[in-house]
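An overview of the molecular structure
These are the residues of each chain, in order.
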Amino acid sequence: MITGKSIWASHCEFLNDSSEFIHSLSFAKSYSSRIYMEDDYLAGFGWVIRDALESMIKHKVFVSSFSEKNDLLSQWRGYCPQGAGVSIGFDQKLLKEYCEENGFKLEQCIYNEEDQQKMILDATNECLNQLPKRSLMRSEYNELSSKEKVKFDFTKRKNIPSGESKLRTEKALSNLCEKINDCAPLIKHSSFYEESEWRLVSRNPSRNVEYRVSKSHIVPFLVLPVIKEYPDIIKQICIGPNPNSHRCLKSIEQLLMNEGLEGVDISVSNIPFNSW
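Computed from a predicted structure; not experimentally measured.

In spatial order, the strands read β3-β8-β9; together these three strands make up an open sheet with mixed pairing. Of all the strands in the sheet, the pair left with one neighbour each is β3 (86–90) and β9 (265–268). The average undirected angle you get between the axes of adjacent strands in this sheet is 20 degrees. By the bridge criterion, five bridges tie β3 to strand β8 (residues 234–239) in an arrangement that is antiparallel. Opposite G89, over in β8, you have Q236 as the bridge partner.

In structure tokens form, the structure reads like this:
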């Protein structure tokens, strides 16, 4: 990262937890199915939404992950080599500026399940409101006999929307799928709450994708030259539990000096964790 003056953004489907998109999509499908099953008046809309979600195209999403906490035991244990971990602290303002200039987003992950569901629910309800209205008001529909309701619903589903109605339907469904794609990378299981994660998100990038080898597969990733473009973006480095922290600190000082990176505060973790 220091010598290459860049960070990597990995394809989200190849992360440790790649279930975010599936999780957000499954809730949207469940809600649309509930509309179809429980509300005869809106059943046709529920069916249309569910059909769109089944066939939607997922964005190619690449993310870089950051934490609000620079010295966290679970992070040292889960993501670093034993006795050889460091955390690098970035200037959030400069990082946001870099994202804005390159069409990326820097956003906070959502861990609370109620907040996650509300986000999907709001997007689905907005889609419902954008879809063309039915030719009968709900009160008028409720006055129909069961046979008349079946006939009305069958006729509406049989007659494929055209013209302005079709365009409105396609736009509403497209907006919903777009919002599902947007929120999916930010949804995290509540068990990861302690990490306080923020993500730099790149959707359908135009830049070249590179590939690296992991333990069991190849991971697509982007090289983002953020440190090259913003030499002052690194503000601190915390050395994790280390059997020779003093030597490690000196070597980092020399590396930063050699790469022309100044003003970086270097500290050593106070966590009494011995893994060597």
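On we go.
Within the structure shown, the criterion is met by five aromatic pairs. Residues W8 and F221 carry aromatic rings whose centres are separated by 4.4 Å and whose planes lie at 35 degrees to one another, so their mutual orientation is tilted. Taken together, the positions of W8 in strand β1 (residues 7–11) and F221 in strand β7 (residues 218–224) put the pair 213 residues apart, joining distant regions of the chain. Between F66 and F90 the ring centres are 5.5 Å apart and the planes differ by 85 degrees, which places this aromatic pair in the edge-to-face class.

With that settled, the discussion passes to the pairing of β1. With four of its five residues buried, β1 lies for the most part within the structure. Where β1 lies against strand β2 (residues 61–67), two bridges are found, and the strand directions are antiparallel. Bridge pairing in β2 links H11 to F62.

Within the largest apolar cluster, 30 residues are counted, with the highest numbers of intra-cluster contacts made by F66, L200, L224, I233, I234 and L256. Listed by contribution, the elements that provide at least two residues to this core are β1, β2, α4 (92–102), β5 (197–203), β7, α9 (226–229), β8 and α10 (245–258). When sequence neighbours within four positions are dropped, the list of residues in contact with L256 reads I2, I237, L261, V264 and I266. One finds I35, I120, L173 and L176 within the second-largest nonpolar core, a separate group that totals 26 residues.

Attention now goes to the state of the cysteines. Summed over the entire model, instances satisfying the criterion amount to zero disulfides. Lacking any disulfide linkage, C109 is separated from the closest cysteine sulfur, that of C12, by 11 Å.

The next thing to look at is unusual backbone geometry. Positive phi values are uncommon outside glycine, yet S196 reaches one of about 50 degrees. Within the secondary structure layout, S196 lies in the loop between α8 (163–183) and β5. Residue S196 is classed as buried on the basis of its relative accessible area of 13%.

Another aspect to go through is the pattern of salt bridges. Side chains that carry opposite charge are capable of pairing whenever their charged atoms lie near each other. Tallied over the entire structure, the rule returns twelve salt bridges. Residue E54 pairs with K29 through a salt bridge whose shortest N-O separation is 3.3 Å. Of this pair, E54 sits in helix α2 (residues 43–55) while K29 is found in helix α1 (residues 20–38), placing the two residues 25 residues apart along the sequence. A residue is classified by how much of its surface remains accessible, and E54, at 44% relative accessible area, is partly exposed. On the basis of relative accessible area, K29 is assigned to the buried category, the value being 17%. Two residues, D39 and R138, come together in a salt bridge whose shortest N-O distance is 3.0 Å. Here D39 is found in the loop between α1 and α2, whereas its partner R138 is found in helix α6 (residues 138–142), with 99 residues between them in sequence. The exposure class assigned to R138 is partly exposed, which follows from its relative accessible area of 35%. In the salt-bridge network here, residues are joined through shared partners; they are K29, R50 and E54.

About the criteria used
Residues numbered from 1 in each chain as written. Predicted model: local features only at pLDDT ≥ 70, side-chain atom pairs only at ≥ 80, totals over all residues. Heavy atoms only, no water. Pairing = 2+ DSSP bridges. Helix = DSSP H or I, 4+ residues; strand = E, 2+ residues; numbered from the N terminus. Axes fitted to C-alpha atoms, helices over the stretch in contact; angles between N-to-C directions. Phe/Tyr/Trp six-rings, centres within 6.5 Å; stacked < 30°, edge-to-face > 60°. Buried < 20%, exposed > 50% of the residue type's maximum accessible area, 1.4 Å probe, protein only. Core = buried A, V, L, I, M, F, W, Y, C linked by side-chain atoms within 4.5 Å. Contact = heavy atoms within 4.5 Å. Disulfide = S-S within 2.5 Å. Salt bridge = Lys/Arg side-chain N within 4 Å of Asp/Glu carboxyl O.

Just distances and angles here, no functional claims.
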